[in-house]
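# Geometric and topological summary
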Amino acid sequence: MIKKIFISALLCCTFLTAQADEGMWLPSLIGSRIKDMRAKGFRLKAEDIYSINKASLKDAVVQFGGGCTGEFLSGEGLLLTNHHCGYGSIQRLSSVEHDYLTHGYWAMSKGEELPVPGLTVSLLVRMEDVTERLAAGEKAEDIIAEAKKGEGYRASIEQMYYGNQQFLFVYQTYRDVRFVGAPPSSIGKFGGDTDNWVWPRHTGDFSIFRVYADENNNPADYSKDNKPYQPKRHFTISTKGVDEGDFTMIYGFPGNTQEYVTSDAVKYVAEISDPMKIALRTQRLEIIEAEQAKSAEVRIAFAAVHAGIANAWKKWQGEGMGLNRLGTVAKKQAYEEKFAEWAKSKPEYANLLDEMHKAYEEVIPGYYMRELYSESIATIDAYSFARSLYAAVTRAEKEGKTYDVEKAHQNFLKSYNQTIDQAIARRMVAEFCERVAPERMPADLKVQISYYGGVEKYVDALFRCSRLLGKEPITVSDVRGDAMVEFSRMFNNIANDARNYAYRNISNVPSVEKWYRPYMQALREWDKERAFYPDANFTLRVAYGTVAGYEYADAEYHHPVSTIDGIIAKDDPNIYDYNIPQSLRDIYARKDYGRWGQTINGRYSVPVCFLATNHTSGGNSGSPVINGKGELIGINFDRTWRSTMSDMEFDPTICRNISVDIRYVLFIIDRIGGASYLFDEMTLK
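Attention here is on the structure that accompanies the text. Here the structure is a predicted model, which means the values were calculated and not measured.

Thresholds, definitions, all that
- Residues numbered from 1 in each chain as written.
- Predicted model: local features only at pLDDT ≥ 70, side-chain atom pairs only at ≥ 80, totals over all residues.
- Heavy atoms only, no water.
- Helix = DSSP H or I, 4+ residues; strand = E, 2+ residues; numbered from the N terminus.
- Buried < 20%, exposed > 50% of the residue type's maximum accessible area, 1.4 Å probe, protein only.
- Axes fitted to C-alpha atoms, helices over the stretch in contact; angles between N-to-C directions.
- Parallel < 35°, antiparallel > 145°, perpendicular 65-115°, else oblique.
- Left-handed = near helix turned anticlockwise from the far one by under 90°.
- Contact = heavy atoms within 4.5 Å.
- Nonpolar A, V, L, I, M, F, W, Y, C, P; charged D, E, K, R; others polar.
- 1 Å grid on protein atoms, 1.4 Å probe; cavity = no way out; pocket = protein on both sides within 12 Å on 5 of 7 lines; lining within 4 Å.
- Points joined across faces, edges and corners; volume = space filled by probe spheres on them.
- Disulfide = S-S within 2.5 Å.
- Phe/Tyr/Trp six-rings, centres within 6.5 Å; stacked < 30°, edge-to-face > 60°.
- Lys NZ or Arg CZ within 6 Å of the ring centre and 35° of its normal.
- Pairing = 2+ DSSP bridges.

As a further point, take unusual backbone geometry. Here the residue pair Trp199 and Pro200 is connected by a cis peptide bond, since its omega of 5° sits within 30 degrees of zero. For Pro200, the location among the structural elements is in the loop between helix 9 (192–195) and strand 10 (207–213). One non-glycine residue, Tyr162, adopts positive backbone phi at about 55°. Judged by its relative accessible area of 15%, Tyr162 falls in the buried class.

We now examine the packing of helix 15 (residues 381–398) against helix 16 (residues 405–414). Axis separation between helix 15 and helix 16 bottoms out at 11 Å; the angle between their running directions is 160°. Overall, the two elements helix 15 and helix 16 adopt an arrangement that is roughly antiparallel. For the pair helix 15 and helix 16, the crossing hand works out as right-handed. Mapping the contact onto sequence places Asp381, Ala382, Phe385, Leu389 and Val393 in helix 15 and Val405, Ala408, His409 and Phe412 in helix 16. Looking at the contact of helix 15 with helix 16, its residues break down into seven nonpolar, one polar and one charged.

Tallied over the entire structure, the rule returns two cavities of 30 Å³ or more. Approximately 40 Å³ is the volume found for the second largest cavity. As for the second largest cavity, its lining consists of Asn614, His615, Thr616, Arg639, Ser643, Ser646, Phe650, Cys655, Arg656 and Asn657. Taken together, the residues of the lining of the second largest cavity sort by class into two nonpolar, six polar and two charged.

In total, this model carries one disulfide according to the counting rule given. For Cys433, which is in no disulfide, the shortest distance to another cysteine sulfur is to Cys465 and amounts to 18 Å.

The next subject is the packing of aromatic side chains. Counted under the stated rule, the structure contains 40 aromatic pairs. Seen from their ring centres, Trp25 and Tyr533 are 5.4 Å apart, and the 65° between their planes marks the pair as edge-to-face. Of this pair, Trp25 sits in the loop between helix 1 (2–13) and helix 2 (34–39) while Tyr533 is found in the loop between helix 24 (516–526) and strand 14 (541–546), placing the two residues 508 residues apart along the sequence. Its relative accessible area of 3% is what places Trp25 among the buried residues. Measuring from ring centre to ring centre gives 6.4 Å for Trp106 and Phe206, while their planes differ by 45°; the resulting arrangement is tilted. Placement of Trp106 in strand 4 (residues 105–106) and of Phe206 in the loop between helix 9 and strand 10 is noted, with a sequence separation of 100 residues between them. In terms of burial, Trp106 and Phe206 fall into one category: buried. Put simply, the rings of Tyr162, Tyr335, Phe339, Trp342, Tyr349, Tyr516, Tyr519 and Trp526 pair up and form one aromatic cluster. When the ring centre of Tyr171 is taken as origin, the NZ or CZ atom of Arg154, which lies over that ring, is 4.3 Å away.

Right, let's talk about the environment of Glu513 for a bit. Tracing the backbone through its elements, the reader meets Glu513 in helix 23 (residues 510–513). Residues contacting Glu513, with those up to four places away along its chain left out, are Tyr162, Ser507 and Asn508.

Right, let's talk about the pairing of strand 9 (residues 176–182) for a bit. With seven of seven residues buried, strand 9 is to be regarded as a mostly interior element. Judged from the two bridges that link them, strand 4 and strand 9 form a sheet pairing that is antiparallel. Bridge pairing in strand 9 links Trp106 to Gly181. Across two bridges, strand 5 (residues 114–115) lies against strand 9 in antiparallel orientation. Counted as the bridge partner of Leu114 is Phe179 from strand 9. As judged from the five bridges shared by strand 9 and strand 10, these two strands associate in the antiparallel manner. Residue pairing for strand 10: Phe179 is matched across the bridge by Phe209.

As structure tokens, this is what we get:
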């Protein structure tokens, strides 16, 4: 009975007003928010956002790859996402001779579109609340098996409110995705890591792909005979622009928020986890950057690796600053004190917080160890290869098979850079030894470091002696006796223990998470004025707000729109991330903006990016930003640095998402790429 009452309460509570523009709402329940959305400028109906009976905006939105969002621009499967979302695909297609990262690429016909092996996009077919079905005894595996019947279908049941509600999500995955075009990185990644997470921003963070299907519009492996996919819905594009105060809505797949965690989790993130990870990634980035500066080939080969390391590295810095600025730990503790006072007269909740604090205390050492191992030892490529190779050989022998170790060896060497890996290994082994609890230090590692007279001498000997890193052919016996394999086996216990803590957040470790289900029930009974929305978990969500600037510091107001003038002000031919194409300089000098030029703040210019108050997270990269009429006005790609704590606390005064203005996207396609033929299949308004 408690469960059913709470579910009903959750459905009803969405009628309450969330703080400012906070919230990531389930599309199938968006009807409960329409009144508030319309008050802020939305002009469509709930079924225009989500419907399984007719085409709706959900049919124009996709999961792109493994962690981004994309949107259809045409009835021929033309797909828009961020440049950084397509970055890995563009890198795989690039070479020194065809450096699409540096110079960009534009297919001038469908025949010039480049297949991207392994890249997929997934469309949400439907979502369904299956809480009562599961409570009635139906098995999750049976529900999933029935739901995924169909070509390219997959399904999963995801937990909302820590299991108080459970939703079935059914997707159709398309496997033939081709690269259509992208600006050079000096536009698509303009500002690089320096500008990442900050405002004002001037990054043309977009790339274009096309989805292909078989003759029946169903998913298919790559074939020259495949046809452009025909989506049920694609976005109309508004070329009228945005003004401060305009309604905005983001439709995408946010990856991870922790809005309801206790002070224990926030304190762990702000004071223990983030500082450690930042320090280790700083050292890895310095090593990679030093080698990238020496060679164009290395710069290309490690571009995606560097970007992947740097993105979270800088995000964690902003997150820590934001949590400390807001005093989130202290605010959570005060909130918990009030809750405890209420709960002490409720037998079912009286000791709940005590149990939660105890659970965190017990898991922190193990979770920290897993994060330390993942950010240090596990980042050494040679270590990871040795570990996986030994496991493959052992598994094959148990099955009475022979594993081709030399083939694996040669495949590894194709993309291996020992100079970088060995330098990283020296630092990461040293950092691990310095930070690990003495009782968790591998005894054999301690012996070897002592024998060689220090970490660096031991690591250098390790790399010198390992046959896995040499060009000479290797055998199974070489694997079993290899120095790098012996090094990897020193961490067997640590690696095995790490699996016990391999959860998205510390609060998702089962011994902790089990307490959040009753905690969410209790919060809803107690805090009746709070609007509860489910934490993000890479399922489709709606967030809405308005175009808005913010006060960055005392008497320092940041306007919500940046322009091409800011690009020229930052332009520097001597710095890779700020060296824009000469064609863009020439266009600016002539003010030859064509239909994309307009007067902004008294100057004739081109809009580039804009700020809004939408609640976003990782996974929202590439999400469509739409106006009150449901028209595309931008592509979400980032948050301001002070907004990154919004995964744990949303501050409406300063939390802002950053989007590329769709007019800048069209400007680049037209004036820089010379690919305006693509407009013929778009719906521009």
